[in-house]
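# Coordinate inspection notes
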Amino acid sequence: MIDWLFRRKKVSPQPDAARTDRVVSPPARATPSSAAPPAVDWEAALAQAAGDDEALLALTRRAAPVDVKLAAVGALASEEALKRAERDLRKHDRRVHRLAKQRHAELLARRDARMRAAQLTATVRAMLDEPLIAANRLVELDRAWQALDAALLEGAQAADFSALFARLTTLARDRADRALELERFGMAARKALAGLNSASERAAAGAIDRGALAAFAAQAQVALDTAPGDAEQVASLCEALRDALCTAAELATRLEVLDALMQATPPNEPQVAPQPDPQSTAAEGAELPSEGEGEGAGAGAGAGAGVGVGVGVGVGVGVGVGV
């Protein structure tokens, strides 16, 4: 039943017709437009674009070898050019895009580091004019500078900060030593002043002699000699020491005069009247004269006794009043 499927009419070939349809076309000639483009000297193009960020960016967009593009990205100088290269090369070669991104980040870090260095330098320069320099502030500045990457800074920035920070450190040390010197002088001067005032009061009352007063005055003079010459903070204390020394000197002069008077004046010794001898009294009684002669002799004896007593009392009283 399916034999008819295999029955096909065979068409006899027509060689003449087939031969006439076949047309042999002549070979096509090569035209000048289809010739291969000349080779590009990429090294010369890269050298010509050096220093020009726009030319380097244009070179990265051409069909240049990867090494040429990497060299072009490495030669970009501005932050804006690297930012554009990072954006344009994002869908191109990964190595070129990674290099552009890395160099862009480096430029950002360098800009931030240099700005921070300039701020720290300005802070140190301003602190040189401040009357008080805190030690913890110096520590903070030093730590902030050490945190910066020295490779990202300019050479002049590091030198300027080092010089200014050395000046600031020396100034802070000198001021600290000065403050300590003033504090020590104040303690010594107040102690010497109190001791000299107390010694002057006791010397005036006769409790101590001139030697003890001179020792306290010498201590006060030593304290005054060690006073800082241009320190306004201790001017009043120095003036008080000078006044106390003047008072002690006047008191010592008066005490010296009083000692000289006491050494030159002899002590007051009471005079004792001579006692009469009993034998001489008896002899004088045996040889009593007559009434007339007795009265005359008695009068003479009385006069002589009165003169002797008067002289003794006068001398005693005079010496007492003088002392």
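Residues numbered from 1 in each chain as written. Predicted model: local features only at pLDDT ≥ 70, side-chain atom pairs only at ≥ 80, totals over all residues. Heavy atoms only, no water.

## With respect to the overall build of the chain
Selection rule: In this text, helices come from DSSP runs of H or I with a minimum length of four residues, and strands from runs of E with a minimum of two, each type numbered from the N-terminal end. Relative accessibility under 20% of the residue-type maximum defines a buried residue, over 50% an exposed one, and the middle range a partly exposed one, all with a 1.4 Å probe and only protein chains included. Should any heavy atoms of two residues lie within 4.5 Å, those residues are counted as being in contact. All accessible areas in this document rest on Shrake-Rupley with a 1.4 Å probe, and a residue is counted as covered only by the protein chains that are shown.
Helix and strand content of the chain: twelve helices and zero strands. Starting at the N terminus and ending at the C terminus, the chain contains elements arranged as α-α-α-α-α-α-α-α-α-α-α-α. In the chain, which comprises 323 residues, the share counted as buried stands at 23%. At a minimum sequence separation of 6, the contacts of the chain that also span at least 24 residues come to 64%. Carbon and sulfur atoms make up 57% of the accessible area of the chain, which totals about 23,600 Å².

## Focus: the side chain of His 104
Relative to the assigned elements, His 104 resides in helix α6 (residues 94–127). Contact partners of His 104, with chain neighbours within four places excluded, come to Glu 79, Leu 82, Lys 83 and Glu 86.

## Brief notes about the pattern of salt bridges
So the rule is basically this: In the sections that follow, a salt bridge refers to a side-chain nitrogen of Lys or Arg positioned within 4 Å of a carboxyl oxygen of Asp or Glu.
For the coordinates displayed, the defined rule picks out seven salt bridges. In this structure, Arg 84 and Glu 54 form a salt bridge, with 2.8 Å as the shortest nitrogen-oxygen distance. Taken together, the residues Arg 84 in helix α5 (residues 79–88) and Glu 54 in helix α3 (residues 53–61) connect sequence positions 30 residues apart. Judged by relative accessible area, Arg 84 falls into the partly exposed class, the value being 22%. Among the ionic pairs, Glu 239 bridges to Arg 242, the shortest N-O distance being 3.5 Å. Highlighted residues: Glu 239 and Arg 242, both in helix α10 (residues 235–264), separated by three residues, approximately one helical turn. Since its relative accessible area comes to 42%, Glu 239 is described here as partly exposed.

## A short note on the packing of aromatic side chains
Spelled out, the test is: Two aromatic rings from Phe, Tyr or Trp, using only the six-membered ring of Trp, form a pair when their centres are within 6.5 Å; if the ring planes differ by under 30 degrees the pair is stacked, by over 60 it is edge-to-face, and anything between is tilted.
Across all of its chains, the model carries two aromatic pairs by this definition. Ring geometry for Trp 145 versus Phe 161: centroids 4.0 Å apart, planes at 5 degrees, classification stacked. Note that Trp 145 is positioned in helix α7 (residues 135–146) and Phe 161 in helix α8 (residues 155–204), a separation of 16 residues in sequence. For the pair Trp 145 and Phe 161, one class covers both residues: buried. Grouped by ring-pair contacts, the aromatic residues Trp 145, Phe 161 and Phe 165 constitute a single cluster.

## Quick word on α10
For the record, the criterion: By this rule, a helix spans an expected 1.5 Å times one less than how many residues it contains.
For α10, built from 30 residues, the straight-helix expectation of 44 Å at 1.5 Å per residue is met to within 8% by its first-to-last C-alpha distance of 44 Å. The complete set of buried residues in α10 reads Leu 237, Cys 238, Leu 241, Ala 244, Leu 245, Ala 248, Leu 251 and Leu 255.

## Let's talk about the side chain of His 97
In this fold, His 97 is placed in helix α6. Beyond its immediate sequence surroundings of up to four residues, His 97 is in contact with Glu 86, Leu 89 and Arg 90.

## Re α8
A rise of 1.5 Å per residue sets the reference length of α8, with its 50 residues, at 74 Å; its end C-alpha atoms lie 74 Å apart and thus fit the reference within 8%. Positive backbone phi, approximately 85 degrees, marks Gly 206, located one or two places after α8.

## So, the nonpolar core
Note the threshold: Nonpolar cores are built from buried Ala, Val, Leu, Ile, Met, Phe, Trp, Tyr and Cys residues. Side-chain atoms within 4.5 Å join them into one set.
Core analysis: the biggest nonpolar cluster contains 24 residues, and Phe 185, Leu 196, Leu 213 and Leu 241 have the highest contact counts within it. Looking at this core, the elements that each hand over two or more residues are α8, α9 (210–225) and α10. Every residue in contact with Leu 213, bar those within four places of it in the chain, is listed here: Leu 196, Ala 199, Ser 200, Ala 203, Ile 208, Ala 248, Leu 251 and Ala 252.

## Notes on the environment of Asp 142
Assignment of secondary structure puts Asp 142 in helix α7. With relative accessibility at 32%, the residue Asp 142 sits in the partly exposed group. Sequence separation between Asp 142 and Ser 162 is 20 residues; the distance between their C-alpha atoms is 9.9 Å.

## Some points on the confidence of the model for the chain
This is how the line gets drawn: The predictor rates its confidence in each residue with pLDDT, a number between 0 and 100.
When pLDDT is averaged along the chain, the result is 73; 69% of the residues meet or exceed 70. The secondary-structure element of the chain with the lowest mean pLDDT is helix α12 (residues 291–322), recorded at 34, while α7 shows the highest, at 92. The low-confidence segment residues 17–21 (pLDDT under 50) makes zero contacts with residues lying over four places distant or belonging to another chain. When the criterion is pLDDT under 50, residues 30–36 qualifies, and its contacts beyond four places in sequence or with other chains add up to zero contacts.

## Observations concerning the environment of Thr 169
Of note, Thr 169 is situated in helix α8. The class for Thr 169 is partly exposed, based on a relative accessible area of 24%.

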